Amino acid sequence: KTTYINLNWSTIYGAGSYNVKRCDLTTTSCIPGTTVSTPTINQYSEPNDGLSHFYAVEAVNQCGATP
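Owing to the predicted nature of the structure, the values given are computational and were not obtained by experimental measurement. (Residues numbered from 1 in each chain as written. Predicted model: local features only at pLDDT ≥ 70, side-chain atom pairs only at ≥ 80, totals over all residues. Heavy atoms only, no water.)

**Here's the deal with the packing of aromatic side chains**
Describing an aromatic ring pair means giving the distance of the ring centres and the angle of the ring planes. What counts, and what does not: What counts as a ring pair is set by centres within 6.5 Å for rings of Phe, Tyr and Trp (its six-membered ring), and what kind of pair is set by the plane angle: stacked under 30 degrees, edge-to-face over 60, tilted for all other angles. A 1.4 Å probe rolled over the protein chains alone gives each residue an accessible area, and that area as a share of the maximum for its type sets the label: buried under 20%, exposed over 50%, partly exposed in between.
By the definition in use, this model includes one aromatic pair. Aromatic pair Trp9 and Tyr18: ring centres 5.4 Å apart, planes at 70°, arrangement edge-to-face. Judged by its relative accessible area of 16%, Trp9 is buried. Of the residues examined, Tyr18 reaches a relative accessible area of 3% and is grouped as buried.

See the structure below:
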């Protein structure tokens, strides 16, 4: 049975989408991270691969991304 990582965050007023970024915690340098999704809602889900990850979300509007 596959388990999932389920993320949700507060909706940011004015955001048209979000950048979900992921870093593998076994690496020594993971900032800024890899963008894995750009959802237009405040939720993201992916299958759990059994590794430890750090996730960050940026709100995106017409002016660009804001961490």
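**Some points on the pattern of salt bridges**
How we decide: We count a salt bridge whenever a side-chain nitrogen from Lys or Arg sits within 4 Å of a carboxyl oxygen from Asp or Glu. Per the convention used, a helix needs a DSSP run of H or I reaching at least four residues, while a strand needs a run of E reaching at least two, with both numbered from the N terminus.
Scanning all chains against the criterion turns up two salt bridges. Across the pair Lys21 and Glu58 runs a salt bridge whose closest N-O atoms are separated by 3.5 Å. Of this pair, Lys21 sits in strand β2 (residues 17-24) while Glu58 sits in strand β5 (residues 53-61), and the two are 37 residues apart along the sequence. Here Arg22 and Glu46 are joined by a salt bridge, their closest N and O atoms 2.5 Å apart.

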